[in-house]
Amino acid sequence: MGVVKFKEKVLVTTPIYYINDVPHIGHTYTTVAADILARWYRLKGHDVLFLTGLDENSIKTVQAAKELGIKDIQKYADSMAEKWKKTWKALDISNDDFVRTTEDRHKEKVKRFFTLVYEKGDIYKGKYEGLYCEGCEAFLTESDLVNGECPLHKRAPKIIKEENYFFRLSRYQDRILKYIGENPDFIQPKSRRSEVISFIKQGLKDVSISRPNIEWGITLPIDEKHRFWVWFDALVNYLVNEKYWPAKIHLIAKDILRFHAVIWPGMLL
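Residues numbered from 1 in each chain as written. Predicted model: local features only at pLDDT ≥ 70, side-chain atom pairs only at ≥ 80, totals over all residues. Heavy atoms only, no water.

A.B. asks: Help me understand the overall build of the protein in this model?
C.D. replies: For the protein, the helix and strand inventory stands at eight helices and 12 strands. The proportion of buried residues among the 269 residues of the protein is 49%. Accessible area of the protein: about 14,300 Å², with a carbon and sulfur share of 52%. Here the protein contributes 43 positively and 37 negatively charged side chains, and the mean placements of these two sets differ by 3 Å. (Helix = DSSP H or I, 4+ residues; strand = E, 2+ residues; numbered from the N terminus. Buried < 20%, exposed > 50% of the residue type's maximum accessible area, 1.4 Å probe, protein only. Areas by Shrake-Rupley, 256 points an atom, 1.4 Å probe, with all protein chains shown as cover. Lys, Arg positive; Asp, Glu negative; His and termini not counted. Charge placed at Lys NZ, Arg CZ, Asp CG, Glu CD.)

Shown next, in the form of C-alpha cells:
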C-alpha cells in the first residue's frame, strides 16, 4: 500500500455495480473493504474521497427492466439506485460520493474525455466481427472460451458483425508494460500482475468503444447513431472529482481485471 504523506488527498473507489439486480454479498464484501480503507486513511489525517456508485448504461439494465414489464428504463434505474443507496446506508458505509452513470455530470465527463482522445487521433471507425458476451458486456476471443462458452457465464457468446468506433489501445502496449514494470504495486496481488503482463505481451488489439442502433446509453458526440460501449463509459466514473485524481486504490474483482489494468491505463495515457 505504501507510505502516504500527511494530509495527502486519497481517492478510494469500488467498481460501479450493475443495477440489473439488488446488492449481494460480493458487492458488500468489496464495498466494506473500501470502507475500511477509507476510514483508516481518515484516521491518519488524510483528505479522503471514498467513491462508489452504479453502472446504469448497460444492456443488462434494459433487459432487467423489460423482464419486469417496465417500459421507462430511467424509472427502473431510479428505483434500483434507491435500493442500492439504502443498502449502503443500512450498513453504515461511509462513501463521500455516489456516482450514477445516467447523471448529467457523468455524461458530460464521458463526452469530454472521448473528445480529448478523439482529437489526439486515437479513435477511428471500423468494422467488428467477432464474439460478444452479453453477461460480461465484453468482446471475447476464442482463447477466452472454455468448451466454446464464456467461462464466467457458462454460455456461448454471440457472433456480432457491425460497424463500430475503435480506440487505438495497441498504440499504448509498450507504455503500459513499461509503467507496470516501473510500478510493481500498480496491480496487486502479484499473481494478477503476472496475468496482466502475460496478456499484454501476447499483443494488444484495438478495442471497440461503441455499439450502433441501441436504445440505451450515452450518445457519441461525433455520431448520434452510436452509443458508448459500457466499459469505455463506466471507467470514466473514477474521474468524477479531479481534485482527488489520481486514485490511490481501485478495488476490483478478478473478472474485470483486464478492463482496469489494461484498457483503463491505455485510455488515461
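A.B. asks: Would you take a moment to explain the sheet that holds strand β10 (residues 219–220) for this structure?
C.D. replies: What links the strands of a sheet is backbone hydrogen bonding, and the strands pair in either a parallel or an antiparallel sense. One open sheet holds the three strands; their spatial order is β9-β11-β10, and the pairing between them is antiparallel. If you trace the sheet from one side to the other, it starts and ends with β9 (210–212) and β10, each paired once. Bridge analysis of β10 against strand β11 (residues 223–228) gives two bridges, and the strand direction is antiparallel. Counterpart to Leu220 in the pairing with β11 is Asp223. (Pairing = 2+ DSSP bridges.)

A.B. asks: What is the right way to look at helix α6 (residues 190–201) in this model?
C.D. replies: Spacing of three or four residues puts side chains on the same side of an α-helix, whose turn is 3.6 residues. When the terminal C-alpha atoms of α6 are compared, their 17 Å separation across 12 residues agrees well with the 16 Å that a helix rising 1.5 Å per residue should span. Every buried residue of α6 is accounted for by Arg193, Val196, Ile197 and Ile200. One side of α6 holds all its buried residues, which, seen down the axis, span an arc of 100 degrees. Those residues of α6 that are buried lie in contact with α5 (173–182) and α8 (257–268). The positive-phi residue at the C-terminal boundary of α6 is Gly203, with phi of around 110 degrees. (Expected span 1.5 Å × (residues − 1). Arc of directions from axis to C-beta. Contact = heavy atoms within 4.5 Å.)

A.B. asks: Would you take a moment to explain the nonpolar core for this structure?
C.D. replies: Nonpolar side chains in soluble globular proteins tend to be buried together. Core analysis: the biggest nonpolar cluster contains 49 residues, and Phe167 and Met267 have the highest contact counts within it. Every element with two or more residues in this core is listed here: α4 (104–119), β5 (123–133), β6 (138–140), β7 (158–167), α5, α6, α7 (230–235) and α8. When sequence neighbours within four positions are dropped, the list of residues in contact with Phe167 reads Val117, Asp122, Ile123, Tyr172, Asp206, Val207, Ile209, Ile263, Gly266 and Met267. One finds Val48, Phe50, Ala64 and Leu251 within the second-largest nonpolar core, a separate group that totals 23 residues. (Core = buried A, V, L, I, M, F, W, Y, C linked by side-chain atoms within 4.5 Å.)

A.B. asks: Explain the sheet that holds strand β8 (residues 207–208) to me, please; I cannot follow it from the model alone.
C.D. replies: The strand order across the open sheet formed by four strands is β6-β5-β7-β8, and the pairing between neighbours is antiparallel. Only two strands of the sheet have a single neighbouring strand rather than two, namely β6 and β8.

A.B. asks: Just to check I follow, could you spell out the pairing of β7 for this structure?
C.D. replies: Pairing between β5 and β7: 10 bridges, direction antiparallel. Looking across to β7, one finds that Gly126 is bridged to Asn164. Of the pairings in the sheet, the one linking β7 to β8 comprises two bridges and is antiparallel in character. When the bridges of β8 are listed, Phe167 appears paired with Val207.

A.B. asks: In this structure, what is going on with the packing of α6 against α8? I would like to understand it.
C.D. replies: When two helices pack together, their arrangement is given by the angle between their axes and by how far apart the axes lie. Their axes nearest at 11 Å, the elements α6 and α8 cross at an angle of 55 degrees. In this view, α6 runs oblique relative to α8, as classed from their interaxial angle. Read as a crossing pair, α6 and α8 show a hand that is right-handed. Contacts from Arg192, Glu195, Val196, Phe199 and Ile200 of α6 reach α8 at Leu257, Arg258, Ala261 and Val262. Residue composition of the contact of α6 with α8, grouped by class: six nonpolar, no polar and three charged. (Axes fitted to C-alpha atoms, helices over the stretch in contact; angles between N-to-C directions. Parallel < 35°, antiparallel > 145°, perpendicular 65-115°, else oblique. Left-handed = near helix turned anticlockwise from the far one by under 90°. Nonpolar A, V, L, I, M, F, W, Y, C, P; charged D, E, K, R; others polar.)

A.B. asks: How do you make sense of the pattern of salt bridges when you look at a structure like this?
C.D. replies: Pairing is possible between side chains of opposite charge, provided their charged atoms come close. For the structure on display, the rule yields 18 salt bridges. Between Asp78 and Arg100 there is a salt bridge; the shortest N-O distance is 2.7 Å. Of this pair, Asp78 sits in helix α3 (residues 73–90) while Arg100 sits in strand β4 (residues 97–100), and the two are 22 residues apart along the sequence. When its relative accessible area of 11% is taken as the criterion, Arg100 is described as buried. (Salt bridge = Lys/Arg side-chain N within 4 Å of Asp/Glu carboxyl O.)

A.B. asks: It is not clear to me how α8 should be interpreted in this structure. Could you clarify?
C.D. replies: Given a rise of 1.5 Å per residue, 12 residues ought to cover 16 Å, and the 16 Å separating the end C-alpha atoms of α8 matches this to within 8%. Burial of α8 is extensive: 10 of the 12 residues sit out of reach of the surface. Inspection of α8 places Leu257, Phe259, His260, Ala261, Val262, Ile263, Trp264, Pro265, Gly266 and Met267 among the buried residues, and these make up the whole buried set.

A.B. asks: Even after reading the chapter, I still don't get the packing of aromatic side chains, so can you show me in this structure?
C.D. replies: Pairs of aromatic rings are described using the distance from one ring centre to the other and the angle between the two planes. The final tally for this structure, using the stated rule, is 17 aromatic pairs. Ring centres of Tyr238 and Trp264 lie 6.0 Å apart, and the angle between their planes is 55 degrees; on these two criteria the pair is classed as tilted. Taken together, the residues Tyr238 in the loop between α7 and β12 (249–250) and Trp264 in helix α8 connect sequence positions 26 residues apart. Exposure class is identical for Tyr238 and Trp264. Each is buried. (Phe/Tyr/Trp six-rings, centres within 6.5 Å; stacked < 30°, edge-to-face > 60°.)

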